[in-house]
Amino acid sequence: RRPVVTGPQPDQNYAPPPSYASVVNNTKATAPRDTVSFTINGTPRTVDASTATTLTLAFYLREHERLTGTKLSCREGGCGACVVLISRPGDAERRPVNACLRLLAQCDGCAVTTVEGLGTAATPSPVQAAIAAYDATQCGFCTSGAVTTVEG
């Protein structure tokens, strides 16, 4: 006998994906804009909206900004090597997000902080200093994502 399935059926709670306009503008449904603006480690950036809807934040950081502390490994959000901190407009709280899963267009108006923005070799963040002091790395590939997550 087949088991009886209870609970909601797959299509009962289906919500359609957001339109490109809502992704670009971080709002419900508004007219699309030509550009997406955000900051990376405090530096303002503006990107063409058509480009922003096709690139992930991780790819943009590595290939366009040359901020290679954000790693691309599993590309499905499981390993954490791509974690950056994002604060939304009007929200001071920085939240860790997987940059490999976030479209650049979803960052419109946001402040993005990468591991490079947390500290430097001369003035590391408290978490970076503790990791260095206690040799708390293995191969080091995912360390930047772990540091960013803890800092968030």
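What comes next is a walk through the structure. (Residues numbered from 1 in each chain as written. Predicted model: local features only at pLDDT ≥ 70, side-chain atom pairs only at ≥ 80, totals over all residues. Heavy atoms only, no water.)

**Digging into the sheet that holds strand β2 (residues 43-48)**
Okay, so step 1: Taking strand neighbours across the sheet as the criterion, the 5 strands line up as β2-β1-β5-β3-β4 in an open arrangement whose pairing is mixed. With partners counted over all chains shown, the strands left at the sheet margins are β2 and β4 (95-98), one partner each. Looking at each pair of strands side by side, their axes are set apart by 35 degrees on average, direction ignored.
Okay, so step 2: By the bridge criterion, 2 bridges tie strand β1 (residues 35-40) to strand β5 (residues 111-113) in an arrangement that is parallel. (Pairing = 2+ DSSP bridges. Helix = DSSP H or I, 4+ residues; strand = E, 2+ residues; numbered from the N terminus. Axes fitted to C-alpha atoms, helices over the stretch in contact; angles between N-to-C directions.)

**Things to note about the pattern of salt bridges**
Okay, so step 1: Scanning all chains against the criterion turns up 4 salt bridges.
Okay, so step 2: Across the salt bridge formed by Arg-95 and Asp-91, the nearest N and O atoms sit 2.5 Å from each other.
Okay, so step 3: Of the residues examined, Asp-91 reaches a relative accessible area of 26% and is grouped as partly exposed.
Okay, so step 4: Linking Arg-95 and Glu-93 is a salt bridge whose minimum nitrogen-to-oxygen distance equals 3.5 Å.
Okay, so step 5: Look at Arg-95 and you get partly exposed, because its relative accessible area is 37%.
Okay, so step 6: Beyond isolated ion pairs, a larger network of salt bridges with shared partners links Asp-91, Glu-93 and Arg-95. (Salt bridge = Lys/Arg side-chain N within 4 Å of Asp/Glu carboxyl O. Buried < 20%, exposed > 50% of the residue type's maximum accessible area, 1.4 Å probe, protein only.)

**Looking at the packing of aromatic side chains**
Okay, so step 1: All chains considered together, the criterion is met by 1 aromatic pair.
Okay, so step 2: On the basis of an interplanar angle of 80 degrees and a centroid distance of 5.9 Å, the ring pair of Phe-38 and Tyr-60 is categorised as edge-to-face. Placement of the pair is Phe-38 in strand β1 and Tyr-60 in helix α3 (residues 57-64), with a sequence separation of 22 residues. A single burial state applies to Phe-38 and to Tyr-60, both of which are buried. (Phe/Tyr/Trp six-rings, centres within 6.5 Å; stacked < 30°, edge-to-face > 60°.)

**Considering the nonpolar core**
Looking at soluble globular proteins, one finds that nonpolar side chains tend to be buried together.
Okay, so step 1: Core analysis: the largest hydrophobic core is formed by 23 residues, its most contacted members being Phe-38, Ile-40, Leu-57, Tyr-60, Val-84, Ile-86 and Leu-104.
Okay, so step 2: The biggest single contributor to this core is α3, with 4 residues.
Okay, so step 3: Apart from residues no more than four positions distant in its own chain, Val-84 is found in contact with Leu-57, Leu-61, Thr-70, Arg-95, Pro-96, Val-97, Ala-99, Val-112, Thr-113, Thr-114 and Thr-148. (Core = buried A, V, L, I, M, F, W, Y, C linked by side-chain atoms within 4.5 Å. Contact = heavy atoms within 4.5 Å.)

**As for empty space enclosed by the protein**
Okay, so step 1: As enumerated under the stated definition, the model contains 1 cavity of 30 Å³ or more in all.
Okay, so step 2: Its volume calculated, the largest cavity comes out at about 30 Å³.
Okay, so step 3: Considering only residue class, the lining of the largest cavity consists of 6 nonpolar, 1 polar and 2 charged. (1 Å grid on protein atoms, 1.4 Å probe; cavity = no way out; pocket = protein on both sides within 12 Å on 5 of 7 lines; lining within 4 Å. Points joined across faces, edges and corners; volume = space filled by probe spheres on them. Nonpolar A, V, L, I, M, F, W, Y, C, P; charged D, E, K, R; others polar.)

**Some words on the packing of helix α4 (residues 126-133) against helix α5 (residues 143-151)**
Okay, so step 1: Contact geometry for α4 and α5: axes closest at 9 Å, N-to-C directions at 135 degrees. It follows from the interaxial angle that α4 and α5 lie oblique. α5 is crossed by α4, and the crossing has right-handed handedness. Contacts from Pro-126, Val-127, Gln-128 and Ile-131 in α4 reach Thr-143, Val-147, Val-150 and Glu-151 in α5.
Okay, so step 2: In terms of residue class, the contact of α4 with α5 is built from 5 nonpolar, 2 polar and 1 charged. (Parallel < 35°, antiparallel > 145°, perpendicular 65-115°, else oblique. Left-handed = near helix turned anticlockwise from the far one by under 90°.)

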